[in-house]
Amino acid sequence: RNGPEYPLDEASWAQADARARLLHDRFSALGSDLVAGLGPADLDSPAGIAALETYPLPRVLSNAASSVAGVETHRVVTLAEGIDAAVLVVVEPSSAPTGFPAVSEPAAALPALIAKLRDHDIIIVMAHGSPKLADELAKSLDVDIVVGVGPRVGAERQRTGSPVKKVGSAYVVEPGEQGQTVSHITLNFDPAKLGEGRRLIRAVDWQMRTSPAQQAIELARLETRLAAMKADPSADPSFV
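I will try to describe carefully the structure that is included in this document. This one's a predicted model, so the numbers in the text were calculated from it and none came from an experiment.

Re the overall build of the protein chain
Broken down by element type, the protein chain carries seven helices and nine strands. Scaling as 2.2 N^0.38, a compact globule of 240 residues should have a C-alpha radius of gyration of about 18 Å, and the protein chain matches this with 20 Å. With the principal axes as the frame, the protein chain shows a C-alpha extent of 60 × 55 × 35 Å. In the protein chain, buried positions account for 35% of the 240 residues.

Have a look at this one:
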C-alpha cells in the first residue's frame, strides 16, 4: 500500500479496475493452460478477498495454513500430448501483507504435497518472495523448475528478469516484474529416452542448450548495457 503505483483516489482506482479486468480477460483466454497464483498484491485493494470472485481465475496457493475458498493447493496442466506438469504456488511469510491468508514456510509445507504429485512429468513451483527464495527451494525440494516472483534489485533485472540457471537439481527462472517480459523454457525430448513408465526424465538429467537466436538476443542486450556504461562518466573504468 505504500508503493508509488498504489491508487490513492477514486479516479486512479477506476483505472486500476479497468487494467485488472483487461488482464483478467486476456489471461482467461488461456483456458485450461492457465495457472494463476494467489500473490501478495492480489488482495491489496478495498475489495479484499472479494476480488477473487470479481476476477475468477484458477488460483493456487500451496502453503496456506488453512484452506482458502476458491483456491487450490496445486493445478495440473497439459504441456503436450502425454506430458503434464503439476504447478504449485507459494508465498514467503515475510512477503504476505496484512489481510493475506496465513502461510507457512514453503520449505516445510511442500515436501508432503510434492511426494503425492511425483507421478506427474514435471513439478513446477512459483515462489513469491525475496530473490533468494527461489534458489533455496530449488536446492531443498524435489522439483524440476522454480519460478522466482517478486521485487528485483536494479532496473535491468526488474525489466528483463534473469536467464534460466540450474540450482541444485532444478532449474530457476526469474521473469521481469509486472509482466514486462515473458520468460519461457522449451523442453525437447527424445521419446526413445523417456524415463521409467514412459515418464520424462527428471530435471537433474536435463541438458541446458541455448539456441543461436537466444544467444544473439542476450549478446545484443549486454552490448547495449555495456555501451551505456562506457558513455557514463561516473562508471568505474576498471569494471567497464
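Comments concerning the sheet that holds strand S5 (residues 83–91)
The mixed open sheet is built from six strands, whose spatial order is S4-S5-S6-S7-S9-S8. The strands lining the two open edges of the sheet, one partner per strand, are strand S4 (75–80) and strand S8 (162–167). Within this sheet the neighbouring strands show an average axis-to-axis angle of 25°, counted without direction. Sheet topology places strand S6 (residues 122–128) next to strand S7 (residues 145–149); five bridges connect them, and they run parallel.

What about the packing of aromatic side chains?
This structure, assessed with the given rule, holds one aromatic pair. Residues Tyr-171 and Trp-206 carry aromatic rings whose centres are separated by 5.7 Å and whose planes lie at 20° to one another, so their mutual orientation is stacked. Highlighted residues: Tyr-171 in strand S9 (residues 170–174) and Trp-206 in the loop between S9 and helix H7 (212–231), separated in sequence by 35 residues.

Some remarks on the pairing of S6
Burial within S6 is extensive, with seven of its seven residues counted as buried. Residues Ile-122, Ile-124, Met-126 and His-128 line one face of S6 and the alternating positions Ile-123, Val-125 and Ala-127 line the opposite face, and both faces are buried. By the bridge criterion, seven bridges tie S5 to S6 in an arrangement that is parallel. Directly across from Val-89, in S6, lies its bridge partner Met-126.

Some words on a nonpolar patch on the surface
A cluster of nonpolar side chains, namely Leu-23, Phe-27 and Leu-30, defines an oily patch on the protein surface of about 290 Å² accessible area. Mapped onto the secondary structure, Phe-27 falls in helix H1 (residues 10–28). You can call Phe-27 partly exposed: its relative accessible area is 41%.

Calculation criteria
- Residues numbered from 1 in each chain as written.
- Predicted model: local features only at pLDDT ≥ 70, side-chain atom pairs only at ≥ 80, totals over all residues.
- Heavy atoms only, no water.
- Helix = DSSP H or I, 4+ residues; strand = E, 2+ residues; numbered from the N terminus.
- Rg over C-alpha atoms; globule rule 2.2 N^0.38 Å.
- Buried < 20%, exposed > 50% of the residue type's maximum accessible area, 1.4 Å probe, protein only.
- Pairing = 2+ DSSP bridges.
- Axes fitted to C-alpha atoms, helices over the stretch in contact; angles between N-to-C directions.
- Phe/Tyr/Trp six-rings, centres within 6.5 Å; stacked < 30°, edge-to-face > 60°.
- Patch = residues over 30% accessible without salt bridge, like charges linked within 9 Å, V, L, I, M, F, W, Y side chains within 5 Å.
- Areas by Shrake-Rupley, 256 points an atom, 1.4 Å probe, with all protein chains shown as cover.
- Salt bridge = Lys/Arg side-chain N within 4 Å of Asp/Glu carboxyl O.

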